[in-house]
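Architecture and fold: a report
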Amino acid sequence: MSAVGSAAAASAAAFSAAAFLAAAAAAAAASAGVREGMPLARALAATRAFPPVLVHLTASGEGSGALAPMLERAAADLEREAERRIAEADGAVEPKTA
């Protein structure tokens, strides 16, 4: 692996670790809010770290009494979006063949 490749890999690993730690902190903050009696959707929104679609579907699920199906729907939507973004990024960095 070249020096540039090694630096890029180290940078990506550091970003991944930082992103993981930020997500863990946001989840802990939301959990604390719920333990204090805050609705889950409001606790998620208060962190400003979770996607709006997750917050919206969580609020809908809490309001309708169907939280589990709404969280499953949010997970599926977010997974599709992540796969789409990965495919776009992968296409942008793949070498073009003639």
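The structure this text deals with has already been given above.
Residues numbered from 1 in each chain as written. Predicted model: local features only at pLDDT ≥ 70, side-chain atom pairs only at ≥ 80, totals over all residues. Heavy atoms only, no water.

Quick look at the side chain of T58 now. With respect to the helices, strands and loops of the structure, T58 is situated in helix α3 (residues 52-64). In this structure the side chain of T58 is engaged in a polar contact, spanning 2.6 Å, whose partner is the backbone oxygen of L54. Excluding its chain neighbours within four sequence positions, the residues that come into contact with T58 are L40, A41, L44, L67 and L71. (Helix = DSSP H or I, 4+ residues; strand = E, 2+ residues; numbered from the N terminus. Polar contact = N/O pair within 3.5 Å; in protein donor to acceptor, adjacent residues only side chain to side chain. Contact = heavy atoms within 4.5 Å.)

The next point concerns the pattern of salt bridges. Side chains that carry opposite charge are capable of pairing whenever their charged atoms lie near each other. In total, this model carries 4 salt bridges according to the counting rule given. When the shortest N-O distance is used, the salt bridge between R80 and D77 registers 2.4 Å. With R80 and D77 both in helix α4 (residues 67-93), this residue pair falls 3 residues apart, about one helical turn. In the salt-bridge network here, residues are joined through shared partners; they are E81, R84, R85 and E88. (Salt bridge = Lys/Arg side-chain N within 4 Å of Asp/Glu carboxyl O.)

Attention now goes to unusual backbone geometry. Phi angles above zero are rare outside glycine, and R48 is one such case at about 55°. Within the secondary structure layout, R48 lies in the loop between α2 (40-47) and α3. Judged by its relative accessible area of 79%, R48 is exposed. (Buried < 20%, exposed > 50% of the residue type's maximum accessible area, 1.4 Å probe, protein only.)

The quantities given are spatial measurements derived from coordinates; they are silent on function.
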